[in-house]
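Notes for the structure review
Take a look at the letters that make up each chain.
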Amino acid sequence: MTEKKPIRPASTVVLLRDSDHGLETLLLRRNKALAFAGGFWVFPGGSLDAADLAAADGDEEQAARIAAAREAMEECGQQPDPDDMVLLSHWTTPEVERKRFATWIYAAPLRGEDAVVIDGGEIHDSRWLPVAQALAEHRAGELAMLPPTWISLVTLSHYRSVDEAIARERESPVPQVLPVLAGVDGDLVAMYRGDAGYDAADPQQPGPRHRACMQGGVWSYVYQEVDPAYPPLVPLPQE
């Protein structure tokens, strides 16, 4: 019997501000030498520690907010208020991965104009970018990112301001996501609940498609003929 890998609680926060070019977010580039997501662009975040849980009196979700704020300060010198955070989604690392995390993904406005100060260890670069521009650069193959980052940006791209994003997301359902990963012809597929191949980890099973597909380092989202019990992870274009 294969021993199950432990799943560590973690959190991340999408820092937001308004600009003349629309809603902006702060992206951090991970050290290329890191074994996990080296060179990828991410939001600040990391694992919960004992002090986070103690500060939250053992409430794990509140500890996740505290941890996200702490990591933002440590990784880039920014200080979001945990009380301002809105939960976008919750992702659990696929079972095939060596290290697994259960990660709360929050969005939060930044009230001040503190300079970005990266740690120079785990984080090697930073950019404030309009959300639309970040997605455009990803489509051009210039910003490598993981599906939770990309899907969070796609969701936020539908909002024109920080206030609109926070208000709307406070009223939105919070997806609980456990992807199943598989390869097809050299490309990567992340299947989500409702996909025909999800239970068998077989992306070539005929039937509904609920997945993110990576071709040439660029993600796309597919949601076709899926049971309404499994809603889309991002707002879909109106027909």
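Analysis parameters
Numbering of residues starts from 1 in every chain and runs along the sequence as written. Local features in a predicted model are, by the rule used here, given only for residues with pLDDT of at least 70; side-chain atom pairs are given and counted only at 80 or more, and totals for whole chains, interfaces and linings are based on all residues. With hydrogens and water set aside, each side-chain value is computed from the structure's full complement of heavy atoms. We treat two strands as partners when DSSP finds at least two bridges between them. The helix and strand labels rest on DSSP assignments: H or I over at least four residues marks a helix, E over at least two residues marks a strand, and numbering proceeds from the N terminus. Angles run from 0 to 180 degrees between N-to-C directions of axes, and those axes are lines fitted to C-alpha atoms, restricted for helices to the stretch in contact. Our angle categories are set so that under 35 degrees counts as roughly parallel, over 145 as roughly antiparallel, 65 to 115 as roughly perpendicular, and the remainder as oblique. Here a crossing is taken to be left-handed if its near helix is turned anticlockwise relative to the far helix by less than a right angle, and right-handed if that turn runs clockwise. Contacts were defined at the residue level, with two residues in contact if any of their heavy atoms lie within 4.5 Å. Any residue outside Ala, Val, Leu, Ile, Met, Phe, Trp, Tyr, Cys, Pro, Asp, Glu, Lys and Arg is labelled polar, Gly included; the first ten of those are nonpolar and the last four are charged. Nine residue types can take part in a nonpolar core, namely buried Ala, Val, Leu, Ile, Met, Phe, Trp, Tyr and Cys, and a core is a set of them joined through side-chain atoms within 4.5 Å. Burial classes follow relative accessibility: with a 1.4 Å probe on protein chains only, a residue under 20% of its type's maximum area counts as buried, one over 50% as exposed, and anything between as partly exposed. Here the bounds of each domain stem from an automatic or database domain assignment.

Let's shift gears to the sheet that holds strand S10 (residues 187–191). Read across the open sheet, the 4 strands follow the order S9-S10-S11-S12; overall the sheet is antiparallel. Only two strands of the sheet have a single neighbouring strand rather than two, namely strand S9 (180–184) and strand S12 (218–224). In this sheet, adjacent strand axes meet at a mean angle of 25 degrees when their direction is disregarded.

Packing of helix H3 (residues 131–139) against helix H4 (residues 147–156) brings their axes to within 9 Å, and their N-to-C directions diverge by 135 degrees. Of the possible angle classes, the one that applies to H3 and H4 is oblique. Between H3 and H4 lies a crossing whose hand is left-handed. Contacts from Val131, Ala134, Leu135 and His138 of H3 reach H4 at Trp150, Leu153, Val154 and Leu156. Class assignment for the residues of the contact of H3 with H4 results in 7 nonpolar, 1 polar and no charged.

What follows deals with the nonpolar core. Membership of the largest hydrophobic core comes to 34 residues, with the highest contact counts inside it found for Val14, Leu16, Leu23, Trp150, Leu156 and Tyr192. For this core, the secondary-structure elements that each account for two or more residues are strand S1 (7–17), strand S5 (86–92), strand S6 (100–109), H3, H4, helix H5 (162–170) and S12. Among the elements that line this core, the one with the most residues is H4, at 5 residues. Counting contributing residues, this core receives three or more from each of domain 1 (8–177) and domain 2 (180–224). Here tryptophan 150 is in contact with Leu135, His138, Met145, Trp219, Ser220 and Tyr221, once residues within four sequence places are set aside. Counting 22 residues, the second-largest nonpolar core is a separate cluster that includes Leu15, Leu26, Trp104 and Ile123.

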